[in-house]
Amino acid sequence: MTTQDIPILAEGSVSELEQALRGTLVRASDPAYDDVRAIWNGAHDRRPALIARCAGVADVIRALEFARSEELRVAVRAGGHSIPGYSSVDGGMVIDLSPMQGIQVDPRRRTVRVQPGATWAALDHETQAFGLAVTGGLVSSTGVAGLTLGGGIGWLMRKHGLTCDNLIAADVVTADGRLVRTSQADNAELFWGLRGGGGNFGIVTSLEFRLHPVGPMITGGAVFYPGERAGELLRVYRDWIATAPDELTTLVNLLTCPPAPFLPEEWHGRPLVAVVGMYAGPHDEAERALRPLRELGAPVADLFGPMPYVAMQSLIDPLWGPGASSYMKAGFMRGLDDETIDTLVAQHASVTSPKTEMHVQHLGGAVARVAADATAFGERDAPLLVNIVAGTHTADGFDDAVAWAQETYGALTPALTGGAYVNFLSSEGEERVRAAYGAETYRRLVALKDEYDPDNVFRLNQNVRPSGR
Ligand SMILES: Cc1cc2nc3c(=O)[nH]c(=O)nc-3n(C[C@H](O)[C@H](O)[C@H](O)COP(=O)(O)OP(=O)(O)OC[C@H]3O[C@@H](n4cnc5c(N)ncnc54)[C@H](O)[C@@H]3O)c2cc1C
């Protein structure tokens, strides 16, 4: 789409909207337009007609009302990290929540109330001032809102559950412009749907979490080995996680050595395999738990050690800045049998781009202890999740990287449960969304969608279609 293709709206009504907002309205003709419309994934270059940079709930209601009356498609943006680029829309209205960044910690009750524009960097900063935390994402620029609504996996999940498991209340602006309070006591079914059901039911304007004592110092980091030892490491890892304590959350990363100062220069550009993770407990226990992985001999680098929790939360940030073209193909795994390990090793050897990585993430622990029907999160009993993150620095080679990711996913099929994690889905169609939830959860989500968004105003997401549409 070019700027010329953007629908022409009556200037009078646009000006009226502009006057009605406490925040700002950005049009295609504004000098700030290109900066403001950019989202994290450089693969998506969308040109909205309007971007309402909301200062509060009143702006959200007003912008939504305008979009509906002008029949503009609505994209909701918080941290802007949607892999399929759902937080922007060609020719439509972006309801941009990123200016709404308020965070209030209640150290006595161990809770935090956060507005939807906050990132994990901001939330961890505030909660760690009191030695508290809630499970957050692996990259600190990710938005709290989008991550939570899809579930939320991170370094504390085996000890303290998914991010959504720690949500205790949320406020939502529904498609008809009402502000609805949700919790176990208020609108409990909607509260259930928000914990895993994504942005399907409205615009979340406030989230309240339960916090846990964490750190401020933890033991975390990564140990890197040569890529040719990936098969050996994955076999050790398989046995090691079978008895890993809940304090330990880790993943195996099959990658190409980035030109990072913490990795020896002679390895830059060569295949590596790493275990990355953290231990949410005393350092001496962590040392004992991590020993089998660190004693395999001759690592390329062993960076495990005591560090502030906030450092762990931003450890891999430099590798995940905005603007690169990215694609994810991911699924839950039944386990790591020898055949699956051989497939991962073979695919690692044929990777098409140095920016592409494969993550095998260990789940279980507190994630698996929550009842399947307690939240809308799709699959809790799978022990592992594989995320094939295809990426290129520019558009060059991106199609090859995507094709390689799809081929890799296909080759791993015998080990996959068939389910999906909505936050790691690309734009893969209704069948994959249904697979992410399973039949019973999907039925409940459709019933909620019928009640709160029967016209499917909120369709730029892993969409649960209302039954009438
Ligand atoms: C670099 C990177 C690292 C990641 N790491 C992790 C990780 O460690 N763990 C994990 O679980 N996921 C991770 N993800 C996936 C991430 O959780 C999803 O992409 C998530 O949707 C991003 O949320 P956001 O607010 O940043 O994105 P946005 O693009 O702003 O939002 C994504 C979608 O969420 C919905 N949404 C967002 N805010 C609201 C709201 N307030 N009300 C209603 N709907 C809303 C909308 O449908 C929107 O399209 C990562 C993604 C990236 C790009």
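All values reported here derive from a predicted model rather than from experimental measurement.

The rules behind these values
- Residues numbered from 1 in each chain as written.
- Predicted model: local features only at pLDDT ≥ 70, side-chain atom pairs only at ≥ 80, totals over all residues.
- Heavy atoms only, no water.
- Pairing = 2+ DSSP bridges.
- Helix = DSSP H or I, 4+ residues; strand = E, 2+ residues; numbered from the N terminus.
- Axes fitted to C-alpha atoms, helices over the stretch in contact; angles between N-to-C directions.
- Contact = heavy atoms within 4.5 Å.
- Near = heavy atom within 4 Å.
- Areas by Shrake-Rupley, 256 points an atom, 1.4 Å probe, with all protein chains shown as cover.
- Nonpolar A, V, L, I, M, F, W, Y, C, P; charged D, E, K, R; others polar.
- Buried < 20%, exposed > 50% of the residue type's maximum accessible area, 1.4 Å probe, protein only.
- Salt bridge = Lys/Arg side-chain N within 4 Å of Asp/Glu carboxyl O.

A. Spotlight on the sheet that holds strand E1 (residues 24–27). Taken together, 4 strands build an open sheet; the order of strands is E1-E2-E4-E3 and the sheet is mixed. Only two strands of the sheet have a single partner each, and these edge strands are E1 and strand E3 (74–77). Shown here is a sheet whose adjacent strand axes are inclined to one another by a mean of 20°, direction ignored. The sheet contact formed by strand E2 (residues 50–53) and strand E4 (residues 93–96) spans 4 bridges and is parallel. In the strand pairing of E4, Leu50 is matched with Met93. Sitting on the sheet, helix H1 (residues 11–20) is in contact with E1, E2 and E4, with an inclination near 145° to E1. Along the sheet, helix H3 (residues 57–69) contacts E2, E3 and E4; its crossing angle with E4, the most-contacted strand, is approximately 170°.

B. Focus on the site of the ligand. The environment of the ligand is formed by 33 residues, the closest being Ala78, Gly80, Ser87, Leu138 and Tyr421. Protein chains bury 95% of the 940 Å² of accessible surface belonging to the ligand in isolation. It is helix H5 (residues 144–150) that contributes the most residues to the shell around the ligand, 4 residues altogether. Residue composition of the shell around the ligand, by class: 18 nonpolar, 14 polar and 1 charged.

C. Highlighting the environment of Gly397. Residue position: Gly397 is located in the loop between strand E19 (384–392) and helix H13 (398–411). Distance from Gly397 to Asp317, taken between C-alpha atoms, is 23 Å for residues 80 residues apart in sequence.

D. Looking closely at unusual backbone geometry. The omega torsion of the bond from Gly215 to Pro216 falls at 5°, within 30 degrees of zero and hence cis. Structurally, the position occupied by Pro216 is in the loop between strand E11 (212–213) and strand E12 (217–226). Phi is positive for Asn187, close to 50°, though the residue is something other than glycine. One can find Asn187 in the loop between strand E9 (179–183) and helix H7 (188–194). The phi dihedral of Ala298 is positive, around 45°, even though this residue is not glycine. When you line up the elements, Ala298 lands in the loop between helix H9 (283–294) and strand E15 (301–302). For Ala298, a relative accessible area of 62% translates into the label exposed.

E. Expanded view of the pattern of salt bridges. A full pass over the atoms with the stated rule returns 32 salt bridges. Between Arg27 and Glu11 there is a salt bridge, with the nearest N and O atoms lying 2.8 Å from each other. Here Arg27, found in strand E1, pairs with Glu11, found in helix H1; they are 16 residues apart in sequence, far enough to count as distant. The buried category is assigned to Arg27, whose relative accessible area is 14%. Arg109 is the partner of Glu208 in a salt bridge, and the nearest nitrogen-oxygen pair spans 3.5 Å. Within this pair, whereas Glu208 is found in strand E10 (residues 203–210), its partner Arg109 is found in the loop between strand E5 (103–106) and strand E6 (111–114), the two being separated by 99 residues in sequence. Taking relative accessible area as the criterion, Arg109 reaches 46% and is therefore assigned partly exposed. It is possible to trace a salt-bridge network through shared partners that takes in Asp106, Arg109, Arg113, Asp171, Arg181 and Glu208.

F. Spatial organisation of the environment of Val57. If you trace the backbone, Val57 turns up in helix H3. Judged by its relative accessible area of 27%, Val57 is partly exposed. In this structure the C-alpha to C-alpha distance between Val57 and Thr205, which are 148 residues apart in sequence, comes to 6.4 Å. Residues contacting Val57, with those up to four places away along its chain left out, are Met100, Val173, Leu179 and Thr205.

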